[in-house]
Structures are given as structure tokens and as C-alpha cells.
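Structural features, examined
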Amino acid sequence: MGIEYSPEISELLGRVRRRPNAGWPWHPGEPVPDGLPVKQSWGWLFAPDGRVLTLVNPRDGVVGLPGGSLEAEDAGDPGAALAREAGEEAQALIGPPVYLGYLYDRVGSANNGHECARVRMAAALHGVGPSAPDPASGRHYRRLLVAPGLAVELLGWGTTGLQQARAAVTAAAALLGVPAVADETIEELPVEGCRLR
């Protein structure tokens, strides 16, 4: 059986544009070294059936995971940043995040040209509220649940993305109780929001 999705999702996926792969080295399970600032935290957010939340900007077709830059209110905590950003971007309700590792950004595009770390985490996705624009950017994302392998393809993150996805699936299966093999259906979450069981 092939991957199932609606005509609306087919039209949306037909406009997906992948960002160029930055080539940041992935450091799975390693703590961020002392003195290397953490500037971003993005998350693999798992529905109970093993699919993950991806966000599609309908204006330009760019796909991303929920997450973003650490702000003062996060007090240096990547998990707090992920929970806040997931709420702002996707109106997502998540469980406590689990640290997976970090990407080393040598050129520091998220840190005014200075090296930094971009943390990756995994968390349970409990549901989403009514769709709303991201207050930071004004972007109104479409919220899709997809299998982690398809998320890697949509993100365009290549081998590094696949390594991240494997780490996320392993952690989610062990710690969050989700299946190691996800449902393959591509589903857009309803604009009015929903709980996930």
C-alpha cells in the first residue's frame, strides 16, 4: 500500500521547496561544550502513532520542524525554548522534551557570525490549538503529520537529517512509548485544533 494523502496535501507538497543543506556536523547524544552558546532548539514532536509534526509555509513552500531561537524568557533552557516556539508556531501542546544532540554551526549564522550550537530534541505531541499566525514572523503554517523518514526528505537535510531522525525515533520509542515504525499516512491537522491519542 502506498502513502495516503488528500488532493489538498498533494497540491501543498507539490510546492515544497527545500533549503540548501548547511552541512553542520551532528553530535548525537553529546552535551554542548562549555563556552559554545546554544542559539536554537528544534524538535521532533511525535504523535502517538509515530508520525512527527512538520510545518509548511504555504507562501514559499519551505518545510521545517517546530522550534527556533532561544529568547531571554527561556533562561538558556533549550527545552523551554522548544515548548514556547512549538506553541507560537504550531499552537502545539507537548510533553517534556528529551535532548538528542546538537549541530555545530561554525559560521554562526544564528549568532552574528560566531560559532554556536543548534540543539535537537524529541517530545510527545499531545495536540494542537486553533491555527494562528506565528507572532514572531506573521507566518501562518500548515501543520502536517508525516513519518519521520518523509520529514527528512521534505526538510532536505540529507544524511545528517536521517541521523537526527533515527536518534529521535530511538528516543521516542524508548522514552515516549511511540512505535518505532510510524503510520505512513500524511495528515493535515485541523485548523480548529485537536487532541492526539
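The preceding data block contains the structure.
With respect to the overall build of the protein
In terms of regular secondary structure, the protein is built from 4 helices and 11 strands. A globule of 197 residues ought to have a C-alpha radius of gyration of about 16 Å, and the protein, at 16 Å, matches this closely. When each of the 197 residues of the protein is scored for burial, the buried share is 47%.

Quick notes on the environment of Lys39
The topology assignment puts Lys39 in strand S2 (residues 38–46). As a C-alpha pair, Lys39 and Glu71 span 32 residues in sequence and 8.7 Å in three-dimensional space. Those residues in contact with Lys39 that sit more than four places away from it in its chain are Gly68, Ser69, Leu70, Ala110, Asn111, Cys116 and Ala117.

Observations regarding the side chain of Ser41
With respect to the secondary-structure elements, Ser41 resides in strand S2. Judged by relative accessible area, which is 0%, Ser41 ranks as buried. One polar contact links the side chain of Ser41 to the main-chain carbonyl oxygen of Pro78, over a distance of 2.9 Å. Ser41 has contacts with Pro66, Gly67, Gly68, Leu70, Pro78, Ala81, Leu82, Val119 and Met121, leaving out every residue within four places of it along the chain.

Overview of helix H2 (residues 78–90)
If you check H2, its first and last C-alpha atoms are 17 Å apart, about what 13 residues at 1.5 Å a residue would give, namely 18 Å. Buried residues of H2: Pro78, Gly79, Ala81, Leu82, Arg84, Glu85, Ala86, Glu89 and Ala90, and no others. Taken together, the buried residues of H2 touch S2, strand S3 (52–56), strand S5 (67–69), strand S6 (92–94), strand S8 (116–128) and strand S9 (142–146). Measuring from the side-chain oxygen of the N-cap residue of H2 to the backbone nitrogen of Gly79 gives 2.9 Å; that N-cap residue is Asp77. Looking one or two places after H2, you find Gln91, whose phi comes out positive at around 55°.

Some words on the environment of Ala182
With respect to the helices and strands, Ala182 occurs in the loop between helix H4 (158–176) and strand S10 (187–188). Linking Ala182 and Gly61, residues 121 residues apart in sequence, is a C-alpha distance of 24 Å. Setting aside residues up to four positions removed in sequence, Ala182 forms contacts with Asp49, Gly50, Arg51, Ala147 and Pro148.

Quick notes on the pattern of salt bridges
Under the criterion given, the structure shown has 8 salt bridges. With a shortest N-O distance of 2.7 Å, Arg51 and Glu187 are connected by a salt bridge. Of this pair, Arg51 sits in the loop between S2 and S3 while Glu187 sits in strand S10, and the two are 136 residues apart along the sequence. Owing to a relative accessible area of 5%, Arg51 belongs among the buried residues under this scheme.

Reading the values: the criteria
Along each chain, residues carry numbers from 1 onward, in the same order as the chain's sequence is written. Where local features are concerned, this predicted model is filtered to residues with pLDDT of at least 70; where side-chain atom pairs are given and counted, the filter is 80 or more; whole-chain, interface and lining totals use all residues. Water and hydrogen atoms play no part in the side-chain values, which are based on all heavy atoms of the structure. Labels follow the DSSP assignment, with helices taken as runs of H or I lasting at least four residues and strands as runs of E lasting at least two, numbered in each case from the N terminus. Here the radius of gyration uses the C-alpha set of atoms, whereas the globule reference equals 2.2 Å times the residue count to the power 0.38. Burial classification: accessible surface area is computed with a 1.4 Å probe over protein chains only, and a residue below 20% of its type maximum counts as buried, one above 50% as exposed, and the rest as partly exposed. In this analysis, two residues are considered to be in contact whenever any of their non-hydrogen atoms come within 4.5 Å of each other. Here a polar contact is recorded for every N or O atom pair within 3.5 Å, except that within protein the pair must consist of a potential hydrogen donor and a potential acceptor, and residues adjacent in sequence are included only if both atoms are side-chain atoms. Between the first and last residue of a helix there are one fewer steps than residues, each counted as 1.5 Å, and that sum is the expected span. A pair is scored as a salt bridge if a Lys or Arg side-chain nitrogen falls within 4 Å of a carboxyl oxygen belonging to Asp or Glu.

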